[in-house]
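Residues per chain, in single letters:
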Amino acid sequence: MAETILEVSKLTKSFDGGSAVLNEINFSIKKGEVVVVVGSSGCGKSTFLRCLNFLEQIDSGEILLDGKKIDISAKALPKYREKIGMVFQSYELFPHKTVLENVMLAPLLVQKRNKAEVKAEAEKLLARVGVAEKKDMYPRQLSGGQKQRVAIVRSLIMHPEVLLLDEITAALDPEMVREVLQVVLELAKEGMTMLIVTHEMDFAKAVADRVIFLDQGEIIEEEPPEIFFGEPKTERAKRFLNTFHYEALEDK
Amino acid sequence: MDLEFISSHIPMYVEAAGLTVRIAIYGIIGALIVGLICSLIKELKLPVLKEIVQIYIELSRNTPLLIQLFFLYFGLPKLGIVLSSKACATAGLIFLGGSYMAEGFRTGIDSVPQIQRESAYSLGLTREQTFFRIILPQAVATSVPVFCANMIFLIKETSVFSAVALADLMYVTKDLIGLYYNTDEALLMLVIAYLIILLPISLVTSWLERRVRYAGFGN
Amino acid sequence: MQDLGIEVLFKGNNFIRLLAGLWVSVRLALIAMVFSILLGFLLGMIMTSKNRIVRLICRIYLEIVRIMPQLVLLFLVYFGAAKHLGINISGEIAGVIVFTFWGTAEMGDLVRSALIAVPKHQYESAYSLGLNKTQVYLQIILPQTIRRLLPSAVNLLTRMIKTTSLVVLIGVVEVVKVGKQIIDASRYQNPNAALSIYGVIFLLYFAVCFPISKLSAALEKKLQS
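What this report covers is the structure whose coordinates are included nearby. This one's a predicted model, so the numbers in the text were calculated from it and none came from an experiment. (Residues numbered from 1 in each chain as written. Chains lettered and ligands numbered in written order. Predicted model: local features only at pLDDT ≥ 70, side-chain atom pairs only at ≥ 80, totals over all residues. Heavy atoms only, no water.)

## With respect to the interface of chain C and chain B
Move 1: Opposite the 38 residues of chain C that make contact, chain B presents 40 residues.
Move 2: Summing both sides of the interface, chain C and chain B together bury roughly 3700 Å²; the carbon and sulfur share of this comes to 72%.
Move 3: At the junction of chain C with chain B, the criterion picks out 1 salt bridge.
Move 4: Where chain C meets chain B, there are 10 residue pairs in polar contact (both at pLDDT 80 or more).
Move 5: Elements with a contribution of two residues or more to the side of chain C that touches chain B: α2 (52–67), α3 (70–84), α7 (175–185) and α8 (193–224) of chain C.
Move 6: Top element by residues in the side of chain C that touches chain B is α8 of chain C. It accounts for 12 residues. (Contact = heavy atoms within 4.5 Å. Buried area = accessible area lost by both parts, 1.4 Å probe. Salt bridge = Lys/Arg side-chain N within 4 Å of Asp/Glu carboxyl O. Polar contact = N/O pair within 3.5 Å; in protein donor to acceptor, adjacent residues only side chain to side chain. Helix = DSSP H or I, 4+ residues; strand = E, 2+ residues; numbered from the N terminus.)

## A word on the interface of chain A and chain B
Move 1: The interface of chain A with chain B comprises 27 residues on the first partner and 20 residues on the second.
Move 2: Summed over both sides, the interface of chain A with chain B buries roughly 2200 Å², with 62% coming from carbon and sulfur.
Move 3: Across the contact surface, chain A and chain B share 1 salt bridge.
Move 4: Residue Arg 50 of chain A is joined to Glu 118 of chain B by a salt bridge in which the shortest nitrogen-to-oxygen separation is 2.7 Å.
Move 5: Here chain A and chain B share 6 residue pairs in polar contact (both at pLDDT 80 or more) between them.
Move 6: Within the residue set of the side of chain A that touches chain B, elements represented by two or more residues are α2 (77–81), β6 (84–87), α3 (99–109) and α5 (144–156) of chain A.
Move 7: With 3 residues, the single largest contributor to the side of chain A that touches chain B is α3 of chain A.

## Some details on the sheet that holds strand β1 (residues 4–14) of chain A
Residue and element names in this part refer to chain A.
Move 1: An order of β2-β1-β4-β5 is seen for the 4 strands of this open sheet, with the pairing classed as antiparallel. The open sheet has two free edges, formed respectively by β2 (20–30) and β5 (68–69), since each of these has just one partner strand.
Move 2: Relative to β5, strand β4 (residues 60–65) runs antiparallel, the two being bridged by 2 bridges. Residue Leu 65 lies in a different strand from β5, and its bridge partner there is Lys 68.
Move 3: Across the face of the sheet, helix α1 (residues 45–52) comes into contact with β1, β2 and β4 while running at roughly 60° to β2. (Pairing = 2+ DSSP bridges. Axes fitted to C-alpha atoms, helices over the stretch in contact; angles between N-to-C directions.)

## Considering the arrangement of the chains
Move 1: Taken together, the 2 pairs of chains in contact show their highest number of contacts between chains B and C.
Move 2: The two units chain A and chain C are non-contacting; their minimal C-alpha-C-alpha distance is 20 Å.

## What to know about the side chain of His 9 of chain B
All names here are of chain B.
Move 1: Topologically, His 9 is positioned in helix α1 (residues 3–44).
Move 2: One polar contact links the side chain of His 9 to the main-chain carbonyl oxygen of Phe 5, over a distance of 2.8 Å.
Move 3: Dropping the residues within four chain positions of it, His 9 is found in contact with Leu 176, Tyr 180 and Met 189.

## Notes on the packing of aromatic side chains
Move 1: Taken as a whole, this structure holds 20 aromatic pairs over all chains when the rule is applied.
Move 2: Measuring from ring centre to ring centre gives 5.2 Å for Tyr 78 of chain C and Phe 79 of chain C, while their planes differ by 75°; the resulting arrangement is edge-to-face.
Move 3: Judged by relative accessible area, Tyr 78 of chain C falls into the partly exposed class, the value being 22%.
Move 4: Members of the aromatic cluster, joined through ring pairs, are Phe 213, Phe 228, Phe 229 and Phe 240 of chain A.
Move 5: When the ring centre of Phe 94 of chain A is taken as origin, the NZ or CZ atom of Arg 154 of chain A, which lies over that ring, is 4.5 Å away.
Move 6: Over the face of the ring belonging to Phe 229 of chain A we find Lys 205 of chain A, whose NZ or CZ atom lies 5.5 Å from the ring centre. (Phe/Tyr/Trp six-rings, centres within 6.5 Å; stacked < 30°, edge-to-face > 60°. Buried < 20%, exposed > 50% of the residue type's maximum accessible area, 1.4 Å probe, protein only. Lys NZ or Arg CZ within 6 Å of the ring centre and 35° of its normal.)

## Structural notes on α5 of chain A
Move 1: Between the first and last C-alpha of α5 of chain A there are 18 Å, a value that for 13 residues agrees with the 18 Å anticipated at 1.5 Å per step.
Move 2: In terms of residue burial, α5 of chain A counts as a mostly covered element, since 13 of its 13 residues are buried. (Expected span 1.5 Å × (residues − 1).)

## Regarding a positive patch on the surface
All names here are of chain C.
Move 1: The grouping of Lys 50, Arg 52, Arg 55 and Lys 133 at the surface amounts to a positive patch.
Move 2: Mapped onto the elements, Lys 50 comes out in the loop between α1 (14–47) and α2.
Move 3: Taking the relative accessible area as the measure of exposure, Lys 50 reaches 77% and is therefore exposed. (Patch = residues over 30% accessible without salt bridge, like charges linked within 9 Å, V, L, I, M, F, W, Y side chains within 5 Å. Areas by Shrake-Rupley, 256 points an atom, 1.4 Å probe, with all protein chains shown as cover. Lys, Arg positive; Asp, Glu negative; His and termini not counted. Charge placed at Lys NZ, Arg CZ, Asp CG, Glu CD.)

## Considering the nonpolar core
Move 1: Leu 125, Phe 161, Leu 169 and Leu 190 of chain B together with Leu 18, Phe 99 and Ile 197 of chain C are the most contacted members of the largest nonpolar core, which has 134 residues in total.
Move 2: The leading source of residues in this core is α8 of chain C, at 12 residues.
Move 3: Ignoring anything within four residues of it in the chain, the contact list for Leu 190 of chain B reads Tyr 13, Leu 169, Met 170 and Thr 173 of chain B together with Val 72 and Phe 75 of chain C.
Move 4: Leu 100, Ala 122, Ile 157 and Ala 237 of chain A belong to the second largest nonpolar core, which has 51 residues in total. (Core = buried A, V, L, I, M, F, W, Y, C linked by side-chain atoms within 4.5 Å.)

## Re the pairing of β1 of chain A
Residues and elements named next belong to chain A.
Move 1: Where β1 and β2 come together, 7 bridges link them in antiparallel fashion. Bridge assignment links Val 8 to a residue of β2, and that residue is Phe 27.
Move 2: Between β1 and β2, which pair antiparallel and follow one another directly, the connecting turn spans 5 residues, one of which, Asp 16, has a positive phi of 50°.
Move 3: Sheet topology note: the β1/β4 ladder contains 5 bridges and is antiparallel. Among the inter-strand pairings, Val 8 is bridged to a residue of β4, identified as Ile 63.

Okay, here's the thing in structure tokens:
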């Protein structure tokens, strides 16, 4: 039995005292597991991911990493975040730094690793995702797909225990979606622990060990992808999946 | 126009202008440092200090330099703090300029999207590291035109230094008018001196403003 | 406890005298501001002219104002006029002239940017309704312009008030001068009067400018929402 890496109990979050965006969420992810979170927009899935990295303040509940409760003081938080990789929809590369500098920044600054070793690893990883020749360029000279692959590398080089991917293909042109998802699929094969929020249902089906369906701030279903996409238990999940079916029809 | 009068008094003006420029440079550098410290305190939301910074900025922005100088030069000695004319002028300029530079930094910092911070935080960078490595370098590019405008503003403000008995351009001019009544010559030299100091900076600023607007990393 | 010289403020009508002195420079600022607004609107409209020479003259005017310290301009008018026009103009008149000269440039630039921010089709649709040029400006363009430039104009007023403090250096009896008189008069009874007097003058300026700055910031916020 693989060990549990991240564990969340009774996580509740609301904005400005309004109704709860996330309501007593219980969740855990094991080493090497890939969990995909789906749900209609506004269901709280992105907020959920952001809470896990404390980019949002949670109202109540607990988050445990490797069985230990997280200290959220300004001093301790960076230590935790170092172990949790996060990739954003809008890439968020640092525009004033080259690709290589973007990737090397955190290992040097946060982990104080050896520069030559970091550089070698950065180049290796960039080559792996197919952007080796872009290493001395600035982010704005890259396509969206290339930027997102660099952003993934920037997280990977920190050797995170979990990688959080927040709708990483949502801002991309269709032809670039594939090159990014390919990278994620390979990571999954290698045993990277990942929590993924996405709207790409085919991708979810292919990559997930487990699918979580979030609706109105609550986990409605949680099961292997074959079951969720094959025979969802709840009416709400069926309706949600049908909207995709319909959209797919309309596209033609 | 008495050309001989002019040529014989040029050294006086050069010296006075040198003094003005020197204090302006100290003042601008000091103001940038104060402005940077203020924005760091605001960025890190340090309790108490952040309120002090806010009060300082409001006091500095809503009072004339001349009055600030009078207080420093004539008021403070009564508390046992005696400053020389030069020290007073420099301190006054830093007190005034610090808030303007802080606003300049603020403009730039606000132009950097919040998610850039989050992206740095999620890589494990501390708030200080994020400020200096990620936010500030991007902010400064946007702030440069504001800094330049502030620079011109501060150099112009140095003209009040004669009020605290600093032998600057205004002081020399007033002296010459009072002593010899060579009003035209004295005023002409005054205007030329300020033109020589400020025109190049003003032109460079206009050029920079146009350039910075289109600047970006990797262009 | 050291004597801070505060009691001098409450002696006789000292505080009232200070307030009256402050009013001298604030009044100056208000007068110059009124002129600046009127002339600034005119200048702003002139600056949108397509004539190159007109635009060049405006640029030179703006550049002079941009780089010449206001105090230098005050000296030019105050000392220069005395000599060449043979008239001894008072410091206050010199102040009104210089601050209007300065304020008009600032205001004109604000009006110009507000004018060019009004979309072109606003003019076109007004003309197409049959309005003449004056009507278009008065009824359609200016109301939109005013809303746009109000925050910066209010902000200019605080700068004007701060800048009029300079007139003490050309001999106008205003708050600083009154303060000096009070300090001199109480040299023996209150040797520390300078601290409280200059402290109070500092705070008085703050009390006048701070609310106006806040108003400007509030207007700016309202405009942006």
